[in-house]
Amino acid sequence: METTQNIDRYLNQEMSATERENFELELNQNAVLQRELDTVRMIKKAVQTTALRAQVKQVHEAFIKDYEPEKVLEQEAKIRPLYPQRGRMYRGISVAAAVVAILVFVGGYQYASLNGETLYQDKFLPYKLPTMRSQNVKESALDSLYATGNFAAVITQIQSKKIKQPQDLFLLAMAHLNQKQFTQALVQFEALKTANAQRGVKYFEAEADYYEALALVGEKRYEEALDIFEKIYDDPTHLFHANVSQWDLWQLRMLSW
Amino acid sequence: MTVNSDYTDQQLLADVQHPRGVNQAVTYLYKSHYRLLERYILNNSGNSTDAQDLIQEVMVSFVEMVREGKYRGEASVKSFLYTLTRNLWITELRKRGAEAKRNEIYETNREQWDDDINAFISYKEAQKTITALFEKLGEKCRKILTLFYYEDLSMKEILVQTHYENEQVLRNRKYKCLKEMTDLVHRNSTTFEHVKSALERLK
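What you see is a predicted model, and the numbers here were worked out from it, not measured in a lab.

### Points about the overall build of chain A
Stage number 1. Counting its secondary structure elements, chain A contains twelve helices and zero strands.
Stage number 2. Reading chain A from its N end, one meets helices and strands in the order α-α-α-α-α-α-α-α-α-α-α-α.
Stage number 3. With 257 residues in all, chain A has 28% of them scored as buried.

### Considerations on the overall build of chain B
Stage number 1. Secondary structure assignment for chain B yields ten helices and zero strands.
Stage number 2. Seen in sequence order, chain B has helices and strands lined up from the N terminus as α-α-α-α-α-α-α-α-α-α.
Stage number 3. Expressed as a percentage of its 203 residues, the buried residues of chain B come to 35%.
Stage number 4. Excluding contacts between residues fewer than 6 apart, the proportion of contacts in chain B whose partners are at least 24 apart in sequence is 66%.

### Concerning the interface of chain A and chain B
Stage number 1. Each partner contributes to the interface: chain A provides 47 residues, whereas chain B provides 51 residues.
Stage number 2. Contributions of two or more residues to the side of chain A that touches chain B are made by helix H1 (2-11), helix H3 (31-66), helix H8 (166-178) and helix H10 (205-218) of chain A.
Stage number 3. A per-class count over the side of chain A that touches chain B returns 21 nonpolar, 13 polar and 13 charged.

### A look at unusual backbone geometry
All names here are of chain B.
Stage number 1. Unlike most non-glycine residues, Asp 152 shows phi in positive territory, near 60 degrees.
Stage number 2. The topology assignment puts Asp 152 in the loop between helix H7 (139-149) and helix H8 (155-162).
Stage number 3. Overall, Asp 152 belongs to the exposed group, with 12 C-beta atoms counted inside 10 Å.

### Section: the environment of Gln 11 of chain B
Residue and element names in this part refer to chain B.
Stage number 1. Among the structural elements, Gln 11 can be located in helix H1 (residues 9-15).
Stage number 2. Looking at Gln 11, the number of C-beta atoms within 10 Å reads 14, which means it is partly exposed.
Stage number 3. Sequence separation between Gln 11 and Gly 21 is ten residues, and the spatial gap between their C-alpha atoms is 9.8 Å.

What counts as what
- Residues numbered from 1 in each chain as written.
- Chains lettered and ligands numbered in written order.
- Predicted model: local features only at pLDDT ≥ 70, side-chain atom pairs only at ≥ 80, totals over all residues.
- Helix = DSSP H or I, 4+ residues; strand = E, 2+ residues; numbered from the N terminus.
- Buried ≥ 20, exposed ≤ 12 C-beta atoms within 10 Å, placed from the backbone.
- Contact = placed C-beta atoms within 7 Å.
- Nonpolar A, V, L, I, M, F, W, Y, C, P; charged D, E, K, R; others polar.

Here's what the structure looks like:
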């Protein structure tokens, strides 16, 4: 009991300087005491976790009570007066005219330099497989090939499979996309959608949306790519929502013309 | 359900440091990000109950990682929560033996903070044995240790809530509770080693 008391006093900084010094000296020489100290530290953390978990549970229960799973979040519309005050309006018009002139100039430059290849490069995110370094999860041969960027081998290996699972189709599409074989990638994304529909699952649904749109950009099918990007942009819960901006939509609209 | 848009990440990170700020911060996180995190679980072989259980763990882990300086603002809170959810869910699927399902989850960007998160998840897994032992302690002991180690209350404040005769009696009671708990841990020798090695990986 005395040891526990001393450890607790040490951790709570309740010891005098001399007591502390003596305690630390003993710690260095006494493995059993060190183990006791480590144990009390672990207990302290476990107590904190348990209490925190109870606190989070309360918040969770309060939240879930009012949670409506199907309802889409709506942005509150801000109501602005139709006509601003007269003096401010004139100043506003002159500022707006200057802004429009700048936008026309910048927009003209952007339009002249706009092309699908640049957009594709900007939006392409390397797609990696999950690795669990802290746990000994064995990586499959296919995972290794994909992870090392051997996309040609990934394609060969998956194509040789008689039955392709959704993850095979997704990897196959991604391997083609990495090789800039856009037509083949689109075929596999389509096959993935069909396989998902047949199984009643949604594997890689969000990923397929985003990368299919990129494959369409690669194919210069900008209008179709725009449809998908607009869907992602309009859905705040979409996995790739943060990856699609108004600017991307504008570029695709320009390219569609 | 409205989300307070004036609540900044900075304010949120300050609030989670103290038990009194946790409710507001976690409520905000739920309102802002629950739907996104839930969608991830639902799209990866989970159901809404899985999502509810897992997201609670995500919130607990997030608060602890912030408190221990493991979240250093290298990503937005949203991205960090998303990565935490994904890695916790992969761990859960693995525990369930659903290797095939785990392999169906791929990631767009393996972030630099993934290793920190995975080390933290391993520690949390190991820690579960100690939290289970804590649940075995008597209610009075759990209350005293919680008020002292989590709420950070003084003996005087705890005395008001526990009705012991005086501070010394309460202090002795606290030591007894702690001793009881250390004995429980030592009786489970593998628990200590398991947690210790997980903690070392976390450093």
